[in-house]
Amino acid sequence: MLRKTLMNGAIAFAIVASAGAAQAQSAAADRPWMNTKLSADERAKLLDQALTEEERYGLLHGIMPLAFFPGAKIPEDAVPGAGYVPGVPRLGVPPLRETDASLGVSNPGGMRKGDTATALPSGLALAASWNADNAYAGGAVVGEEAAKKGFNVLLGGGLNLASDPRNGRNFEYLGEDPLLSGTLAGAAVRGTQEQKIVSTVKHFALNDQETGRNVVDAQIDEQGLRQGELLAFQFAIEKGKPGSVMCAYNKINGHHACDNDFLLNKVLKGDWAWPGWVMSDWGAVPGVSAAANGLDQQSGEQLDRQVWFDKPLKAAVSSGQIPQARIHDMAQRVLRSMFAVGLFDTPSRQGQPIDYAAGAKVSKTTAEQGVVLLKNDRGLLPMARTAKKIVVVGGYADLGVLSGGGSAQVITGTGNAASIPVGGESPLAMLANQVYHPSSPLKAIKAKAGKETTVRFADGRYPSEAAALAKDADVVVVFANQWMMESIDAGDLSLPQGQDGLIAAVAEANPNTVVVLQTGGPVLMPWLGKVGAVVEAWYSGVRGGEAIADVLFGDVNPSGRLPITFPASYDQLPNRQIPGFGYVGPSFTDPPEVAAEKMKSFAAPHPYGSDIGYRWYARKGFKPLFPFGHGLSYTSFKYGDLKVSGGDTVTASFDVTNTGPKAGVDVPQVYLTARSGAPELRLLGWSRVELAPGETKRVTVTADRRLLADFDVKARQWRVDAGTYDVAVGASSTALDAKASAKVKAGAIKP
Ligand code: GLC
C-alpha cells in the first residue's frame, strides 16, 4: 500500500513537475528576456522587441506622483514620491517608482502620512569622515528603506563639486575635490544598488549654484571641466556603476545639460561608454531635441512646458528629425539598467519591516566620524564630566539638530522636532522649512554630564541673557546654525540671524566657550579669536545630538577632516557674489510671457577651470581660515619614513604614529605638489588610520594616473608628461610636512 502511495505520489509529483516545467518553458518562451543567463543588454534587446510602440514611448517619460499638482491623477501602482514611470504589466515590466535622495528616503510634504525614514548626516558630514565604508553603508540603508517603502529607483549620488561655498546644495554634496567626491559617491551608489535599487549620480554636470539654476549658463574650458567636475563623475561612475545619470538644470557653454550632445553623447556615452539611461532633472527638458542630444527619459513631466517625449517625439521620428533607432536605444538603456541592477529578478520587499535602529547606528557612526574639530585651545575639549556648570546656548539645541531643505529633506525618527517656515521667493518656497531632527544635543549633553553637574540652556535670542547665564559656567557650548536649501544660495558667508553677535557676547562673558557649527557649508568666524574651541558638526542626522555629545565629552575622539575650504574673507573667492545673485525666477502662477521674460539666461564664468577650493587657494597664494583636509584630534600624530616610487604613476608609503595620550583615528593625505618644478596641488589619496597611543602603522597610497595628467583636449586623452613628480604627505592641503619625489614615465590614458 505504502509503495503504491509513494508511487502515486511520485507520479503525481512528476506530472506536476513536468507541468511546471512546461509552464516554465512556455513562460520562458513567452518571456525570453527573463532568462538570467543572458546579459542585461541581450535581455533589454529581447524585451524591446516585444514592446508595442506605445509601451516603448511609455518608458521615456514620467510624472511626479504627488497630489499637489492640480488635477494630478496618481496611478494605482505609484507610491507618492518624486517620480513614476509606468511599467508594462503585460510583459512583466515593473513601473519605476522613484524617490529622493542621498540623505534618506524623502516624504515630500509629508504626503505619505506618518512615514519617516533614517536621516543620514549631510553629504558634507559624510565627506568629512573621508570614509567610503560610511558611504557604502549609508547608501545601503537608504536603498533598503526605499525598497521596503515600495521604491525601486533612488535619486541619490549628488556630487557636484563645491566651486562656491555659498551653493545652497553644498550640504547634499561631497565637497570640492574630484577624488574624494567621486570615491564616496561611487561607494554610496554601490551600497544602494546592492539592495537591487537603481541609483543615479547627479546633477550632470556643473550644477554648482542654485541661483537661476534653470537658466544659468556655466561657462568653462573643456580641460577645466574634464579635470574637475567630470573627473568626479567619472570616478563615481567607475566605482559605483549607477544605472542612471541625472542631467542638470543649468546650461554648460550655451547648451542645457539635458540637451547637450558633448556632455551626454560624446563624453558620457562615447568616451566613457556608459550603458545606462540619462534621466532629466525635474522640469529640466528644453525640448524634443534633447532626445537627439543624449537624454533618454523626461522626468517630472508636469514641470516642463510639454511632455516632449510623447507626441512631439513621435512627430520628430515620423519627420525623420530623430531616427527610430534612437527610440529603441532610449528604451533599451532604461531596460538594461533595470536588468543589470536586478529590478526584474528581485521580488518586491514593499511592506517588509525596517530596522530603523540599525539605520540610526549607521547614521550616528557617520555623524561622529564627520565632526571636525577646527580649534581646541587650552584643551577645552573634551569637556570634563566633573564640570560643575555647563551652559548650552542657541541653535534650537533643546529640540534637535538642523537638516537641509529641498528634495533631500528627510522626515526622521518620531517626526520633525520642529519645522520653522521660511517662505521667500524660491521656486520651492512651499518646501522652505527649517527642519530639526528629533535628536536634542542639550538632552544628550545632560545625559552624559556628571551627576553633580548643572546644565542650563539659553535659547540665544538675547545675547545679554545668554552672556549673563554663561558668566560663571565652567564651559559654555554655543550652537550656531546656517540653514541651507535647494533652489536658494546663501546670501553671504556670515552666520545668519545675529549669531555672530551672540557668540561674541557669550565669549566676552566666558572665554571657555565652545562653538558647535551646524552649517551647510563654510562660514566666516569673526569671533574665532575669542572662543576656546570650534567644532563643525554639519547636519548630523537622526542621532546627531548624541554624536555631538559623544565628541564634546571625548567618548568619541574626533577624526573629521574638512572636505571643503573655509575662506578667511570674501576677497579669497573667485566671485564676490554668486553669478546672477538676486535673480528671482518665474513662479508657477506667472503667465507664460512673464515667465519667459524671467527665464532669461545669464553667464556663470568658470575662469578657474578645475582650480576650485584648495587648488584655487594654492594658485592664488591665499591662506584660508581653515584649509581643505584640516581637522584636530584629542591626540596627536606624526608622519615619517616617506618613500615615493615612480614609473607609470606614483606610490607613496609612510609611517603614521600616534604620539599622544589617547587612541584616535588620523586621516593622512597624499598630495601632488609639483610636476618637474611646476606647482600643481592635487589630492592623490588618503587613508583613515586607527592608532592606539604610541602605535605606528605604515600606509601606502597609489595615485590614479589621471590625477598626475593634464587632459589634452585636442588629442582627446589624458597626457602624463615624463618628469619629476613631487609628493607630500600631510594633515591638510596646507600642512604638508613629509616630502619626496619620483620619476614618472610619459603616458596617455583614454578620456
Ligand atoms: C529636483 C532636484 C533633484 C531631485 C528631483 C526630484 O529639483 O534637483 O535632485 O532628485 O528634483 O525631486
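The shown structure was predicted, so the numbers you read here are calculated from the model rather than taken from an experiment. (Residues numbered from 1 in each chain as written. Predicted model: local features only at pLDDT ≥ 70, side-chain atom pairs only at ≥ 80, totals over all residues. Heavy atoms only, no water.)

Novice: Mind laying out the side chain of Asp 208, listing which residues take part and the relevant values?
Specialist: Position of Asp 208 relative to the elements: it lies in the loop between strand S4 (198-204) and strand S5 (216-219). No salt bridge forms around the buried Asp 208; measuring N to O, its nearest opposite-charge neighbour Arg 166 is 11 Å away. Of note is the side chain of Asp 208, whose polar atom sits 2.5 Å from the side chain of Ser 163. Apart from residues lying up to four places away in sequence, Asp 208 is in contact with Leu 161, Ser 163, Asn 167 and His 606. (Helix = DSSP H or I, 4+ residues; strand = E, 2+ residues; numbered from the N terminus. Buried < 20%, exposed > 50% of the residue type's maximum accessible area, 1.4 Å probe, protein only. Lys, Arg positive; Asp, Glu negative; His and termini not counted. Salt bridge = Lys/Arg side-chain N within 4 Å of Asp/Glu carboxyl O. Polar contact = N/O pair within 3.5 Å; in protein donor to acceptor, adjacent residues only side chain to side chain. Contact = heavy atoms within 4.5 Å.)

Novice: Outline the pattern of salt bridges, supporting the account with residue identities and numerical values.
Specialist: If you walk through the whole model with that rule in mind, you get 51 salt bridges. Glu 238 serves as the salt-bridge partner of Arg 706, at 2.7 Å between the closest nitrogen and oxygen. Of this pair, Arg 706 sits in the loop between strand S26 (696-702) and strand S27 (710-712) while Glu 238 sits in helix H7 (residues 222-240), and the two are 468 residues apart along the sequence. A salt bridge links Lys 643 to Asp 641, with the nearest nitrogen and oxygen atoms 2.5 Å apart.

Novice: With reference to specific residues and values, describe the environment of Asp 329.
Specialist: Structurally, Asp 329 can be placed in helix H11 (residues 324-341). Asp 329 sits in the partly exposed class, given a relative accessible area of 31%. Along the primary structure Asp 329 and Pro 574 are separated by 245 residues, whereas in three dimensions their C-alpha atoms are 41 Å apart. There is a polar contact of 2.6 Å between the side chain of Asp 329 and the side chain of Arg 326.

Novice: How would you summarise the domain arrangement of the protein if you had to cite specific residues and measurements?
Specialist: Domain annotation for the protein reports domain 1 (31-341), domain 2 (371-552) and domain 3 (627-749). Of the residues lining the interface, 18 residues belong to domain 1; the matching set on domain 3 comes to 19 residues. Summing the contributions of domain 1 and of domain 3, the shared interface buries around 1700 Å²; its carbon and sulfur component is 64%. Seen at the junction of domain 1 and domain 3, the total is two salt bridges. Linking Arg 716 and Asp 271 is a salt bridge whose minimum nitrogen-to-oxygen distance equals 3.2 Å. Linking domain 1 to domain 3 there are six residue pairs in polar contact (both at pLDDT 80 or more). If you list the elements that add at least two residues to the side of domain 1 that touches domain 3, you get helix H6 (178-193), H7 and helix H8 (261-271). Among the elements that make up the side of domain 1 that touches domain 3, the one with the highest residue count is H7 (eight residues). (Domains from an automatic or database assignment. Buried area = accessible area lost by both parts, 1.4 Å probe.)

Novice: Now, about the nonpolar core: what can you tell me, with residues and values included?
Specialist: Of all hydrophobic cores here, the largest spans 135 residues; its most connected members are Phe 204, Leu 313, Leu 335 and Val 650. For this core, the domains that each give at least three residues are domain 1 (31-341) and domain 3 (627-749). Not counting residues within four places of it along the chain, the set of residues in contact with Val 650 comprises Val 644, Ser 645, Leu 684, Val 701, Thr 702, Ala 703, Leu 708, Tyr 725, Val 727, Ala 742 and Val 744. (Core = buried A, V, L, I, M, F, W, Y, C linked by side-chain atoms within 4.5 Å.)

Novice: So what about unusual backbone geometry? Which residues, and what values?
Specialist: Residue Lys 202 is joined to His 203 through a cis peptide bond whose omega torsion reads 0 degrees. As for its position among the elements, His 203 is in strand S4. Backbone torsion omega between Phe 204 and Ala 205 reads 0 degrees, so that peptide bond is classified as cis. By the element assignment, Ala 205 lies in the loop between S4 and S5.

Novice: Explain the pairing of strand S10 (residues 372-376) residue by residue, including any values.
Specialist: Burial analysis of S10 places five of its five residues in the buried class, which makes it a mostly covered element. Looking at chain direction, S10 and strand S18 (residues 533-536) are connected through four bridges and run antiparallel. Looking at S18, one finds that Lys 375 is bridged to Val 534. (Pairing = 2+ DSSP bridges.)

Novice: Help me get a handle on the environment of Leu 684, residues and values and all.
Specialist: Secondary-structure assignment places Leu 684 in strand S24 (residues 678-686). The exposure class of Leu 684 is buried, given its relative accessible area of 4%. For the pair formed by Leu 684 and Val 670, sequence separation is 14 residues and the distance between their alpha carbons is 5.5 Å. If we skip the residues at most four places from it in the chain, Leu 684 touches Leu 179, Val 650, Val 670, Tyr 671, Leu 672, Val 701, Thr 702, Ala 703, Leu 707, Leu 708 and Val 727.

Novice: Break down the sheet that holds strand S30 (residues 736-744) for me, with residues and values.
Specialist: Here four strands make up an open sheet; going across it, the order is S24-S23-S29-S30 and the pairing antiparallel. Where the open sheet ends on each side, the last strands, each with one partner, are S24 and S30. Sheet twist, expressed as the mean angle between neighbouring strand axes with direction ignored, is 25 degrees. Pairing geometry for strand S29 (residues 723-730) and S30, over eight bridges, is antiparallel. (Axes fitted to C-alpha atoms, helices over the stretch in contact; angles between N-to-C directions.)

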